[in-house]
Amino acid sequence: MKKSRKILAVTLALVLALSVMVVGASTISVSALSRVSVTSISYNKDASVSLTWTKDSSCSYYQIARKKLGDKGYTYTNVSYFNGQYYNDKNVVSGTVYYYQVRSVSTLRSGTTYGAWSNTKAVTTLYRPTVTSLNDMRTKLNINWNKIKGVSHYKLAFKRLSDKAWNYRTVKSTYYNVPNPTLEETYAVQVCPMNGNIAGQWSEARYITIGFAYVKPVFESVSQDTREDGYTSVIWSYALPCEKYYLYVQKAGEGYWSHNIIDDIEGFYNYSYTHLQNGNTYYFQVRALDKYGNWGAFSKVYTYRAKQQDEKKDLSKMLTSHKWRFSVHEQSDYMKLDYEWLLEFKEDGTWAMDMDNAVDDNSATHTMRGTWRLDGTALTVEFKDEEIPAFNETDLLVFADDMTDEKIETEGIEAMISPYPDDLSDDERFWYTPQIKWYVSDKYFCFHTIIFTAENTK
């Protein structure tokens, strides 16, 4: 019994000696040193290994343990607490594996106390490769990547996005050709460096759609608004989906291309220029860029000569190529008006205006006819109305062929038909306020102060 008590007393003394150190009047428990954790480990481009870990505010410094694959024991390095939780190991060899552990250390006058070692972290000293190019060569997919120091071979992985499983190949060079890739399928590619059985990091995946590099955009049209200097619309189409377009333009004689990036695309594509100079020749080309960063083929060069803005319009053709409609619906305290008129100039020098009129729901329909002759911008119009003989006369109208929508607003051109009947008339005709200037354009025709909207009949 005495022997058992003696053994128990010795054991308790050892436990106390290991768990408590006395320094003067203060004591520090070993459990105050926490077990740190390695938070990151990486092999860097400067051929060094970087290591970071969690902080232990109770320690005096940290100790790093390292060994190389195949070594029996570890080597140790101390890192000052004041230098933080970071270590950069430059004494490494490419193409092998290193193992690291970290622990906190506390030093007092009575001795040194060590915390528990962190979990072991391994790092392979092989650079992460980069797939430098994917080339769609119609009958094969050519893959290239950069050379990594210290490798014995590479592991290549590729698959179509529609496939679940990867295809693997062992390659000793830095390129590989996938035979007979599927047209319009997107392929993913990755490469991993190997030194015997030691594997480095996989490269980032790169993607390519087979056939994308050969389908050219096709220009549908290039059109110009001659009323606005430089406003030119370019329209093209494309067969395969893409992320954005690069539209190139070159002015004849300048010898260099400028480009615009169009990334708001849906099925049919267009872009409008506002700086092209009228009367000059321009060349256009377009190519596509997919969401994986791959280029499509250039379109054929499209040549376009911008029209002169001051080209005179043929008023005779404008008059005979349009029908001119006018309608008015007014409700006042005096009466209710409902007019529907259609005016047409014919190439044989005659004109006709079909009129459907209603005043207070009393309808009347008839056609006013006559002849016309155009000399420059002077239009001579003869009226012949059998039902309203008072309208039979000849007028000389002078046209200005430069009217635009803005002119209608700024010069105050308005339909000025009076809602009141002429008290001196017994057939309820309306009187009209004549206008000094008459206008015609490809949208409007001003006739007896009434603006007709053009309806193109061709």
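Provided above is the structure to which this section pertains.
Our subject in this report is the structure included herewith. What you see as residue numbers is a count from 1 along each chain, following the sequence as written. With the structure being a predicted model, the display of local features is reserved for residues of pLDDT at least 70 and the display and counting of side-chain atom pairs for 80 or more, all residues being used for whole-chain, interface and lining totals. Side-chain metrics rest on all non-hydrogen atoms present in the structure, leaving aside hydrogens and water.

This next bit is on the overall build of the chain. Numbering goes from the N terminus for both helices and strands, where a helix is a DSSP run of H or I of at least four residues and a strand is a run of E of at least two. Across its full length, the chain carries three helices and 36 strands. Buried, partly exposed and exposed residues are distinguished by accessible area as a fraction of the type maximum, computed with a 1.4 Å probe on protein chains only: under 20%, between the cut-offs, and over 50%, respectively. Per-residue burial over the chain gives 40% buried out of 458 residues. In the chain, of all internal contacts separated by at least 6 residues, the share reaching a separation of at least 24 is 55%. For the chain, the exposed area adds up to about 26,700 Å²; of that, 49% sits on carbon and sulfur atoms. Contacts are assigned to residue pairs that have any heavy atoms within 4.5 Å of one another. Calculation of accessible area relied on Shrake-Rupley with a 1.4 Å probe; when residues are assessed, cover is drawn exclusively from the protein chains displayed.

Okay, the packing of aromatic side chains next. Ring pairs are drawn from Phe, Tyr and Trp, using the six-membered ring of Trp, whenever the two centres fall within 6.5 Å, and their geometry is named by plane angle: stacked under 30 degrees, edge-to-face over 60, tilted for the rest. Taken as a whole and judged by the stated rule, the model has 18 aromatic pairs. Taking the centre distance of 5.7 Å and the plane angle of 70 degrees together, the rings of Trp 145 and Tyr 154 count as edge-to-face. Accessibility expressed as a relative area gives 2% for Tyr 154, which makes it buried. Consider the rings of Tyr 273 and Phe 284, whose centres lie 5.7 Å apart with planes at 40 degrees: the pair is tilted. Linking Tyr 273 in strand S23 (residues 268-273) with Phe 284 in strand S24 (residues 281-289), this pair joins segments that are 11 residues apart in sequence.

Moving on, we get to the nonpolar core. Take the buried residues of types Ala, Val, Leu, Ile, Met, Phe, Trp, Tyr and Cys, join any two whose side-chain atoms come within 4.5 Å, and each joined set is a nonpolar core. By size, the foremost hydrophobic cluster in this structure holds 23 residues, and its most contacted members are Leu 319, Phe 345 and Trp 351. For this core, the secondary structure elements donating two or more residues are helix H2 (315-320), strand S26 (322-331), strand S27 (336-345), strand S28 (350-359), strand S29 (362-375) and strand S30 (378-384). When residues in this core are grouped by element, the largest group, four residues, is from S27. With residues up to four places along the chain from it excluded, the contact list for Leu 319 reads Trp 324, Phe 345, Trp 372, Leu 379, Val 440 and Phe 445.

The next thing to look at is the sheet that holds strand S3 (residues 38-43). Taken together, the three strands give an open sheet; going across it, the order is S3-S4-S7, and neighbouring strands pair in antiparallel fashion. Sheet topology places S3 and strand S7 (86-89) at the edges, where each strand pairs with a single neighbour. In this sheet, adjacent strand axes meet at a mean angle of 10 degrees when their direction is disregarded. Note on pairing: DSSP must find at least two bridges between two strands before they are called paired. Across four bridges, strand S4 (residues 49-53) lies against S7 in antiparallel orientation. Every angle, taken between N-to-C directions, lies between 0 and 180 degrees, and every axis is a line fitted to C-alpha atoms, over only the stretch in contact when it is a helix.

Now for the pattern of salt bridges. What makes a salt bridge here is a side-chain nitrogen of Lys or Arg within 4 Å of a carboxyl oxygen of Asp or Glu, nothing more. A complete count under the given rule lists five salt bridges for this structure. The salt bridge involving Asp 361 is made with Lys 336; its shortest N-O contact spans 3.2 Å. Of the two residues, Asp 361 is situated in the loop between S28 and S29 and Lys 336 in strand S27; the sequence distance between them amounts to 25 residues. According to the relative accessible area criterion, Asp 361 is exposed, its value standing at 59%. Look at Lys 336 and you get partly exposed, because its relative accessible area is 34%. Note that Lys 384 is salt-bridged to Glu 382, the shortest N-O span being 3.4 Å.

Turning to the sheet that holds strand S11 (residues 131-136), a few remarks are in order. Spatial ordering of the open sheet is given by S11-S12-S15, a layout of three strands whose pairing is antiparallel. Either end of the sheet is taken by a strand with one partner, and the two such strands are S11 and strand S15 (175-179). Strand after strand, the sheet turns through a mean of 15 degrees between neighbouring axes, direction not considered. One ladder, built from five bridges, connects strand S12 (residues 140-145) with S15; its direction is antiparallel. In the sheet register, Ile 143 faces S15, and the bridge partner there is Tyr 176.

Of note, the phi angle at Glu 184 is positive, near 65 degrees, even though the residue is not glycine. By the secondary structure assignment, Glu 184 is in the loop between S15 and strand S16 (186-195). Judged by its relative accessible area of 53%, Glu 184 falls in the exposed class. Of note, Asp 360 is a non-glycine position whose phi angle comes to about 50 degrees, a positive value.

As defined by bridge partners, strand S21 (residues 244-251) adjoins strand S22 (residues 258-262) across five bridges and the pair is classed as antiparallel. Its bridge partner lying in S22, Val 249 is registered against Ser 258. In this structure, the hairpin formed by S21 and S22 is closed by a connection of six residues, where Gly 253 is found at a positive phi of approximately 95 degrees.

You can see Ser 104 is positioned in strand S8 (residues 97-108). Owing to a relative accessible area of 0%, Ser 104 belongs among the buried residues under this scheme. Contacts described as polar in this section are N or O atom pairs within 3.5 Å, which, within protein, must combine one atom able to donate a hydrogen with one able to accept it, while residues neighboring in sequence count only if both atoms come from side chains. Of note is the side chain of Ser 104, whose polar atom sits 3.3 Å from the backbone oxygen of Ser 34. Once residues lying within four places of it in the same chain are set aside, the contact partners of Ser 104 are Leu 33, Ser 34, Asp 56, Cys 59, Tyr 61, Tyr 62, Thr 113, Tyr 114 and Gly 115.

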